[in-house]
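Chain residues, written in single-letter form:
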Amino acid sequence: MGRQKIIVVYGVIVLFSLVGLMLANPTLGDYRRVILEPRAIQIAEHWAEADRRTIERVAAQAEVAYTNHRTDTPNLTALSLLKTIPHLQSYLDNSKETAGQGFPERLAMWKHQALLRVSAAHDDTKQGILADLTFHTTRTSYGLGAILSTCYEGKATRYLAVAARFIDLAQEECLADRMK
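For the structure given in this document, a descriptive report is provided here. As the structure is a computational prediction, the values presented were derived from the model and not from experiment.

1. Some remarks on the pattern of salt bridges
Piece 1. Summed over all chains, the structure comprises five salt bridges.
Piece 2. A salt bridge links D30 to R33, with the nearest nitrogen and oxygen atoms 3.2 Å apart. With D30 and R33 both in helix α2 (residues 28-69) and three residues apart, the pair spans about one turn of that helix.
Piece 3. The salt bridge involving E49 is made with R53; its shortest N-O contact spans 4.0 Å. Highlighted residues: E49 and R53, both in helix α2, separated by four residues, approximately one helical turn.
Piece 4. Under the relative-accessibility criterion, R53 is labelled partly exposed at 46%.
Piece 5. Salt bridges linked by common partners bring E49, R52 and R53 together as one network.

Shown next, in the form of structure tokens:
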């Protein structure tokens, strides 16, 4: 009878350990906080930096064109298409705010406003990316663990969630892309 008691005690310990592991299994909310939020910040910062580089490059080109030719008509198509600067007021046009100012001053105002808009749009962009990443995340539970997969730009990043940890797995193509 002593041996059966020991087996029962070990069985109970193993059962409680398994239940504890199941309760410690990370949730989608944990995944969002630990994995997706930093990724959204990284993507938003990458986009903002690309926008800043474009603003700096096109403003420098406009300045050079003005200096060389004294023209007021730079091609700012690239800047007007920037995704994180919606409704940017054109300080390059002659308006009440820029009346009497030369092109270099208007360009400096425009560049300053554009860079401010990129910075202001960063948080909104991050939240939009986070929502998109969350929407494209699937969780497959296996009792003691789960596989979480987030599809973004054709690649699925995958993590094994077990015992309050996320273990990075190999990337693969998104399932939706394979079905096309």
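2. Description of the packing of α2 against helix α4 (residues 103-135)
Piece 1. Here α2 crosses α4 at 160 degrees, and the two axes come no closer than 8 Å. Comparing the axis directions of α2 and α4 gives the class roughly antiparallel. As for how α2 packs across α4, the hand of that crossing is right-handed.

3. Let's talk about the environment of P104
Piece 1. Among the structural elements, P104 can be located in helix α4.
Piece 2. Each C-alpha atom of the pair P104 and E63 lies 7.0 Å from the other, and the pair is 41 residues apart in sequence.
Piece 3. Setting aside chain neighbours within four positions, we find P104 in contact with E63 and Y66.

Calculation rules
- Residues numbered from 1 in each chain as written.
- Predicted model: local features only at pLDDT ≥ 70, side-chain atom pairs only at ≥ 80, totals over all residues.
- Heavy atoms only, no water.
- Salt bridge = Lys/Arg side-chain N within 4 Å of Asp/Glu carboxyl O.
- Helix = DSSP H or I, 4+ residues; strand = E, 2+ residues; numbered from the N terminus.
- Buried < 20%, exposed > 50% of the residue type's maximum accessible area, 1.4 Å probe, protein only.
- Axes fitted to C-alpha atoms, helices over the stretch in contact; angles between N-to-C directions.
- Parallel < 35°, antiparallel > 145°, perpendicular 65-115°, else oblique.
- Left-handed = near helix turned anticlockwise from the far one by under 90°.
- Contact = heavy atoms within 4.5 Å.

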